[in-house]
Amino acid sequence: MQSNSKKMTLGIILLVLGFISISVGIIFIKKSNQSEPTPIVSTTPTTTPEIVEAPKNDDSEKEKGEAFEKFVVQKFSKTYFSVKEWRSDKFVNGHYAESTSYPDLTMEFKLREQKELFAVECKYRSDYFKEGVEWCKEHQLKNYQKFAQENKMPVFVVIGIGNSAHAPADLYCIPLKALKETFVSKSFLQSFQKHNFQETNFFYDSQHNTLK
């Protein structure tokens, strides 16, 4: 009887110890969970960085025009010619200088005591179109004519065609007074073609007001 009583008492003690162990384990687990930081979930939507395409380095019409102007200027010997005006085509939101509508260059020819002013409009075209070229717009032609009349100054139009703006294949130098239309044919241009222009510079005949 005593042996059974001891066994019963030992069993109760083991049960109590087991319960205590389980309770301690549960408390430890709860504390562990409370001590762990709660993960933060961002509610801010993620955005993909915008990819900005690099500007293309296109040879624009403006760049071609500037390159051809530089080519033309270098065809005037500094011994006899000087650039008095080299106009820019800068503008913004419809604001531009009145001089923008004038010919690109005002040149001065000097020979001994003689000095003469004349203007040059530079036009470059990549190729011929319908056996000719449209060298300007109607309003531009009127502006050039107005400039020549008001300033009592001869104006010449230098047209480069083909190859590249800084080294055209063909070159023509035409007095503005001979240009009545904005489109000129190849046959018309031939009368004003400058041959061997790669090796020779412009020559100004002040007596006849011609540029060749």
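Parameters at a glance
Residues numbered from 1 in each chain as written. Predicted model: local features only at pLDDT ≥ 70, side-chain atom pairs only at ≥ 80, totals over all residues. Heavy atoms only, no water. Helix = DSSP H or I, 4+ residues; strand = E, 2+ residues; numbered from the N terminus. Buried < 20%, exposed > 50% of the residue type's maximum accessible area, 1.4 Å probe, protein only. Contact = heavy atoms within 4.5 Å. Areas by Shrake-Rupley, 256 points an atom, 1.4 Å probe, with all protein chains shown as cover. Polar contact = N/O pair within 3.5 Å; in protein donor to acceptor, adjacent residues only side chain to side chain. Expected span 1.5 Å × (residues − 1). Phe/Tyr/Trp six-rings, centres within 6.5 Å; stacked < 30°, edge-to-face > 60°. Lys NZ or Arg CZ within 6 Å of the ring centre and 35° of its normal. Lys, Arg positive; Asp, Glu negative; His and termini not counted. Salt bridge = Lys/Arg side-chain N within 4 Å of Asp/Glu carboxyl O.

Visitor: Can you explain the overall build of the protein? Please cite residues and give values.
Guide: Across its full length, the protein carries four helices and 11 strands. Evaluated residue by residue, the protein yields a buried proportion of 29% over its 212 residues. A separation threshold of at least 6 residues defines the contact pool for the protein, and within that pool the share at least 24 residues apart is 57%. Accessible area for the protein stands at about 15,600 Å²; split by element, carbon and sulfur atoms hold 55% of it.

Visitor: Please set out the side chain of Ser206 residue by residue, giving values where relevant.
Guide: Its location among the elements puts Ser206 in the loop between strand E10 (204-205) and strand E11 (210-211). When its relative accessible area of 19% is taken as the criterion, Ser206 is described as buried. Engagement of the side chain of Ser206 in a polar contact is seen with the side chain of Gln114, the distance being 2.5 Å. For Ser206, the residues in contact, after removing those within four places along its chain, are Phe109, Gln114 and Glu116.

Visitor: Lay out helix H2 (residues 61-73) with the relevant residues and their values.
Guide: In this model, H2 (13 residues) spans 18 Å end to end at C-alpha, consistent with the 18 Å of a helix rising 1.5 Å per residue. Taken together, the buried positions of H2 are occupied by Lys64, Phe68, Glu69, Phe71, Val72 and Val73. Taken together, the buried residues of H2 touch strand E1 (81-86), strand E4 (105-111), strand E5 (114-125), strand E7 (155-161) and strand E8 (170-175).

Visitor: An account of the packing of aromatic side chains is needed here, citing residue identities and associated values.
Guide: In the structure shown here, the tally under the stated rule is 15 aromatic pairs. Ring plane angle 45° and centroid distance 5.4 Å describe the contact between Phe81 and Phe109, whose orientation is recorded as tilted. Taken as a pair, Phe81 in strand E1 and Phe109 in strand E4 lie far apart in primary sequence, 28 residues in all. When its relative accessible area of 6% is taken as the criterion, Phe81 is described as buried. Taken together, a centroid distance of 5.8 Å and an interplanar angle of 80° make the contact between Phe118 and Phe156 edge-to-face. Taken together, the positions of Phe118 in strand E5 and Phe156 in strand E7 put the pair 38 residues apart, joining distant regions of the chain. Three or more aromatic residues link up through ring pairs in this structure, and these residues are Phe76, Phe81, Phe109, Phe118, Phe156, Phe202 and Tyr204. Its end group placed over the ring of Tyr128, Lys186 keeps NZ or CZ at 4.3 Å from the ring centre.

Visitor: An account of the side chain of Glu108 is requested, with residue identities and associated values reported.
Guide: With respect to the helices, strands and loops of the structure, Glu108 is situated in strand E4. Buried charge Glu108 goes without a salt bridge, the closest partner of opposite sign being Lys84 at 4.1 Å. Sequence-distant contacts of Glu108, defined by excluding residues within four places in its chain, comprise Tyr80, Phe81, Ser82, Lys84, Lys115, Glu116 and Leu117.

That is the geometry; function is a separate question.
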